[in-house]
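# Observations on chain architecture
One-letter residues, chain by chain:
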Amino acid sequence: MSLTVEAVGGVRPGPKVASGKSWALLVAGSDGYGNYRHQADVCHAYQILKKGGLKDKNIIVFMYDDIAFNEDNPRPGVIINNPNGPNVYEGVPKDYTGDEVNPKNFFAVLSGNKSAITGGSGKVLDSGPDDTVFIFYSDHGAPGFVSMPNEGIIYGKDLVDELKKKHAAKSYKKMVIYMEACESGSMFEGLLPNDMNIYVTTASNAAEDSYAFYCPDFYPYAPSEYITCLGDLYSISWLEDSGKNDMTKETLEQQYQTVRRRTLVGNKHINSHVMQYGDGNMTNDFLVTYLGANHVNVNDNYKLTNNIANVAYSSEPLGTPTSLISQRDAYLLYLRHKLVKAPYGTEEKSKAQNKLNAEIVHRKHVDNNVHLIGDLLLGKKSATMMAYVRPTGQPLVDDWDCFKTLINTYESHCGTLSTYGRKYSRFFANMCNIGISKKQLVEASSQVCPKSNHAS
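Within any chain, residue numbers begin from 1 and follow the written order of that chain's sequence. Under the rules for a predicted model, residues below a pLDDT of 70 receive no local features and side-chain atom pairs below 80 are neither given nor counted, while totals for whole chains, interfaces and linings still include all residues. Side-chain numbers come from the whole structure's heavy atoms, not from hydrogens or water.

Okay, the overall build of the protein chain next. Comment: elements are numbered from the N terminus, with helices defined as DSSP H or I runs of at least four residues and strands as E runs of at least two. Helix and strand content of the protein chain: 13 helices and twelve strands. Buried residues in the protein chain amount to 57% of all 456 residues. Between two residues, a contact is recorded if the distance between any of their heavy atoms is within 4.5 Å. Put simply, 76% of the contacts in the protein chain that link residues at least 6 apart link residues at least 24 apart. If you sum the accessible surface of the protein chain, you get close to 18,400 Å²; carbon and sulfur atoms cover 50% of it. Residue burial is assigned from relative accessible area. The probe radius is 1.4 Å, only protein chains are included, and a residue is buried under 20% of its type maximum, exposed over 50%, and partly exposed in between. Computed with a 1.4 Å probe, the accessible areas rest on the Shrake-Rupley method; for each residue, only the protein chains presented here act as cover.

Okay, the nonpolar core next. In summary, soluble globular proteins display a tendency toward joint burial of nonpolar side chains. Grouped together as the largest cluster of nonpolar side chains are 69 residues, with contacts concentrated most on F106, F188, F403 and F428. With seven residues, helix α10 (residues 400-414) is the single largest residue contributor to this core. Setting aside chain neighbours within four positions, we find F403 in contact with P143, G144, F145, Y155, L396, V397, S425, F428, A429 and C432. In these notes, a set of buried Ala, Val, Leu, Ile, Met, Phe, Trp, Tyr and Cys residues joined through side-chain atoms within 4.5 Å is what counts as a nonpolar core. The next biggest cluster of nonpolar side chains, apart from the first, holds 57 residues, and it includes Y36, V42, M63 and L233.

So, on to the state of the cysteines. The disulfide criterion is simple: two cysteine sulfur atoms within 2.5 Å. For the coordinates displayed, the defined rule picks out three disulfides. Disulfide pairing places C215 opposite C229 at an S-S distance of 2.1 Å. Here the disulfide of C215 and C229 is right-handed, its torsion about the S-S bond being about 115°. On the criterion of sequence distance, the pair formed by C215 in the loop between β9 (211-213) and β10 (231-232) and C229 in the loop between β9 and β10 is long-range, its members being 14 residues apart. As far as the burial class goes, C215 and C229 line up, both buried. The residue that forms a disulfide with C414 is C449, at a sulfur-sulfur distance of 2.0 Å. One disulfide, between C414 and C449, carries an S-S torsion of 100° and so falls in the right-handed class. Residue C414 is located in helix α10, and its partner C449 is located in the segment after α13 (438-448); the two are separated by 35 residues in the primary sequence.

Direction vectors running N to C along helix α1 (residues 36-51) and helix α4 (residues 233-244) enclose 20°, while the axes themselves pass 10 Å from each other. Considering the angle they form, α1 stands roughly parallel to α4. As α1 runs across α4, the sense of the crossing is left-handed. From α1, D41, H44, A45 and I48 reach across to α4, where they touch S235, I236, W238, L239, E240, S242 and G243. All amino acids are sorted into three groups, where Ala, Val, Leu, Ile, Met, Phe, Trp, Tyr, Cys and Pro are nonpolar, Asp, Glu, Lys and Arg are charged, and the leftover types, Gly among them, are polar. By residue class, the composition of the contact of α1 with α4 is five nonpolar, four polar and two charged. Think of each axis as a best-fit line through the C-alpha atoms, taken over the contacting stretch in the case of a helix, with angles from 0 to 180 degrees between the N-to-C directions. If an angle is under 35 degrees, it is roughly parallel; if it is over 145, roughly antiparallel; if it lies from 65 to 115, roughly perpendicular; otherwise it is oblique. Take the far helix as the reference: if the near one is turned anticlockwise from it by less than a right angle, the crossing is left-handed, and if turned clockwise, right-handed.

Attention shifts here to the packing of aromatic side chains. Think of a pair of aromatic rings as described by two things: how far the centres are apart, and how the planes are tilted against each other in angle. When two rings of Phe, Tyr or Trp (its six-membered ring) have centres within 6.5 Å they constitute a pair, described as stacked for plane angles under 30 degrees, edge-to-face for angles over 60, and tilted for the intermediate range. Applying the stated criterion to the full structure yields 23 aromatic pairs. Ring geometry for F134 against Y178: centres 5.4 Å apart, planes inclined by 80°, an arrangement best described as edge-to-face. Of the two residues, F134 sits in strand β3 (residues 132-138) while Y178 sits in strand β7 (residues 174-180), which places them 44 residues apart along the sequence. Neither F134 nor Y178 differs from the other in exposure class; each is buried. Their ring planes at 80° and their centres at 5.8 Å tell us that Y155 and F403 sit as a pair that is edge-to-face. In this pair, Y155 sits in strand β6 (residues 152-155) while F403 sits in helix α10, placing the two residues 248 residues apart along the sequence. Under the relative-accessibility criterion, Y155 is labelled buried at 8%.

This brings us to the pairing of β7. Where burial is concerned, most of β7 is hidden: six out of the seven residues are buried. Bridge analysis of β7 against strand β8 (residues 198-202) gives five bridges, and the strand direction is parallel. Bridged to I177 within β8 is V200. Here, any two strands with at least 2 DSSP bridges between them count as paired.

The salt bridge criterion pairs a side-chain nitrogen of Lys or Arg with a carboxyl oxygen of Asp or Glu, the two atoms within 4 Å. The tally for this structure, following the rule as stated, stands at 17 salt bridges. Ionic pairing is found between R390 and D398, a salt bridge with its closest N-O pair at 2.9 Å.

The buried count for strand β1 (residues 22-28) comes to six of seven residues, which makes it a mostly enclosed element. Direction of pairing for β1 relative to β3: parallel, over a ladder of seven bridges. Looking across to β3, one finds that L26 is bridged to F136. Both β1 and strand β2 (residues 59-62) contribute to a ladder of four bridges, which runs parallel. Within β2, the residue paired with L25 across the bridge is I60. Every crossover in which the path from the first strand over the helix to the second runs clockwise, viewed with the strands pointing away from the viewer, is termed right-handed. One crossover worth recording links β1 to the parallel β2 by way of α1, and it is right-handed.

With that settled, the discussion passes to the sheet that holds strand β5 (residues 145-148). If you trace the three strands from one edge of the open sheet to the other, you get β4-β5-β6, paired in antiparallel fashion. Each having just a single partner strand, β4 (141-142) and β6 make up the two edges of the open sheet. Against the sheet, helix α3 (residues 156-168) makes contact with β5 and β6, and its axis sits at roughly 60° relative to β6, the strand it touches most.

As a further point, take the sheet that holds β3. Strand order across the open sheet formed by six strands is β2-β1-β3-β7-β8-β11, with mixed pairing between neighbours. Sheet topology places β2 and β11 (275-278) at the edges, where each strand pairs with a single neighbour. Averaged over all pairs of adjacent strands, the angle between their axes in this sheet comes to 10°, without regard to strand direction.

What follows is about the side chain of D95. Within the secondary structure, D95 is located in the loop between β2 and α2 (103-111). Taking relative accessible area as the criterion, D95 reaches 4% and is therefore assigned buried. Ignoring anything within four residues of it in the chain, the contact list for D95 reads I59, I60, V61, E100, G120, S121 and K123.

A few words now on the environment of Y410. Position of Y410 among the secondary structure elements: in helix α10. Once residues lying within four places of it in the same chain are set aside, the contact partners of Y410 are V366, N369, V370, I373, G415, L417, F428, L441 and S445.

Structure follows, in structure tokens:
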């Protein structure tokens, strides 16, 4: 359930010294240079935690690791999360990379089940009853799930069920989860109990996009040589706030208020609402409990050394209104800039044009398919059911097995929804909620998507 918490008016005398270990699980759930920002967010998070004193053996990193030396990267071997920021790639553990970044490994690491791991370093969250756990997940999302490479999906119900098992096993004392993804609130809304010593904030509520930041064409701009976004608004907000403040004096609630304000204020036309879920009693905990102790000289305008935690970042809304682009549309922005950058008349130009055209065609194809299926199944009610959002406090769907089945049924007949098409997952959830069966969806999908057009 979501939280309603008043802003903290004062600060407690000081944090208690934790008797257990501090663990962290950092996940970038995407691949490709067009998704540069997710791995940049996670690398930046690692630097914050490392500076805070967490040990590498207790920090587990999932990242595809295909952007630092990508042919599109203008600074080979370097990843930045801020236009003027340092290299956040340096020293980052590569625990699970490439195809090792998958739901099976994620759940095995989360549960501490080493025997279920395939590849990678073998590190898991081997936390105990006196330990704290911090989880940061940056990725694409959709109503009811977040993504992983190769069309991998982590459903909200499955994640919360695993958290319940971890709580029952007494394998942590307290846990904090920060999640960056579109509709990330739907991963916890109506699902996460408030008595498991787990506190969550998400980049958006259950029905909103989250937004990329430091992008080409969108103020504040990425450096001119970059054709992709460097970060995500929610992520860079908590990261930059952590980097400039003394985490022994800042609480979870104070950071939430800072991040929430930055994502809401000073942006042109669009914004997202940062949300809280879980245990409201944890909001007065100091950041040091989970992120480590990052001492900074707050009187020096944060312009100190070249250390990641001391770079001149601002967590306040900017004086000039910022422009935001949805995470789903950031990929189109990347493809368009890749096309513009390619030399005229070259094979590179032709490939870039074809890739952009294919993405646009795919989006139109998915839009058309889903709307036609909706018309066949629901007639005039289709548009209403496509947009309907359940009241606050209710989960996206009652029958999660039905939800998974209908998505799989659509994809088996009409091809993958992809990052873009997954925005329609709420429609499939609503179908389940009103009793549409797999058989009905099969019949409608077969009409809309002839066998000759099926995608593998």
